[in-house]
Amino acid sequence: SIRYSSGYWVVGGYYGTLYYTASVPTGTWTANSSISTDFEVTGIEYGDGLWVICCTNGVTYYGASLTATLTRKSEPGSSPYVDAGIDYFNGYWMLCRGNTLYYTTTLTSAWSGVTITSSDDYLIRVFHFNDYICVGTTKSLYTVPIYALPTITGESYSYIKALN
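Residues numbered from 1 in each chain as written. Predicted model: local features only at pLDDT ≥ 70, side-chain atom pairs only at ≥ 80, totals over all residues. Heavy atoms only, no water.

(A) Focus on the sheet that holds strand S7 (residues 60-63). Taken in spatial order, the four strands make up an open sheet running S5-S6-S7-S8, and their pairing is antiparallel. The open sheet has two edge strands with one neighbour each: strand S5 (41-47) and strand S8 (71-73). Between one strand axis and the next, the sheet turns through 25 degrees on average, direction left out of account. Pairing between strand S6 (residues 50-55) and S7: four bridges, direction antiparallel. Opposite Cys 54, over in S7, you have Thr 60 as the bridge partner. (Pairing = 2+ DSSP bridges. Helix = DSSP H or I, 4+ residues; strand = E, 2+ residues; numbered from the N terminus. Axes fitted to C-alpha atoms, helices over the stretch in contact; angles between N-to-C directions.)

(B) The arrangement of the environment of Glu 45 in detail. In this fold, Glu 45 is placed in strand S5. For the pair Glu 45 and Ser 5, spaced 40 residues apart in sequence, the C-alpha separation works out to 8.2 Å. If we skip the residues at most four places from it in the chain, Glu 45 touches Arg 3, Leu 50, Trp 51, Val 52, Ile 86, Asp 87, Tyr 88 and Trp 93. Polar side-chain contacts of Glu 45 include one of 3.0 Å to the side chain of Arg 3. (Contact = heavy atoms within 4.5 Å. Polar contact = N/O pair within 3.5 Å; in protein donor to acceptor, adjacent residues only side chain to side chain.)

(C) Region of interest: the packing of aromatic side chains. In the structure shown here, the tally under the stated rule is seven aromatic pairs. For the ring pair Tyr 8 and Trp 51, a centre distance of 6.5 Å and an interplane angle of 85 degrees mean the geometry is edge-to-face. Placement of the pair is Tyr 8 in strand S2 (residues 8-12) and Trp 51 in strand S6, with a sequence separation of 43 residues. The exposure class assigned to Tyr 8 is partly exposed, which follows from its relative accessible area of 26%. (Phe/Tyr/Trp six-rings, centres within 6.5 Å; stacked < 30°, edge-to-face > 60°. Buried < 20%, exposed > 50% of the residue type's maximum accessible area, 1.4 Å probe, protein only.)

What follows is the structure, encoded as structure tokens:
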């Protein structure tokens, strides 16, 4: 995974590999060894003054600076082991894991979740477009209006529409 934001190029990969540079990305890269070697970096996002690194199994690390030790946030839910994507939009951190889209407004709070797909169609990426959160799976693309996230309750999510 690779990301440019706030003056830094950041790249992550297998075995918790995370490197950053503030120069042109052909120069020297500095390692940040905060992430456990048990995880693969699957997403890198910057928002609200924080770097958030998403890893396999829904594990996230966050911090205000890449030069310091990042804090590990507890994993959301109990979905099976899959790659997860992360995005920050309109005050929400969003993470996809298994068939659930998790969200929070602060990384020190617990994740809340919305089941998006059936158990055999895993979410693989999340991103925002206009006022919608778009969640990609191995089979479909789903959209969720951002204003719907904080009020989600129950088992029915009729406002989620599959685009075919």
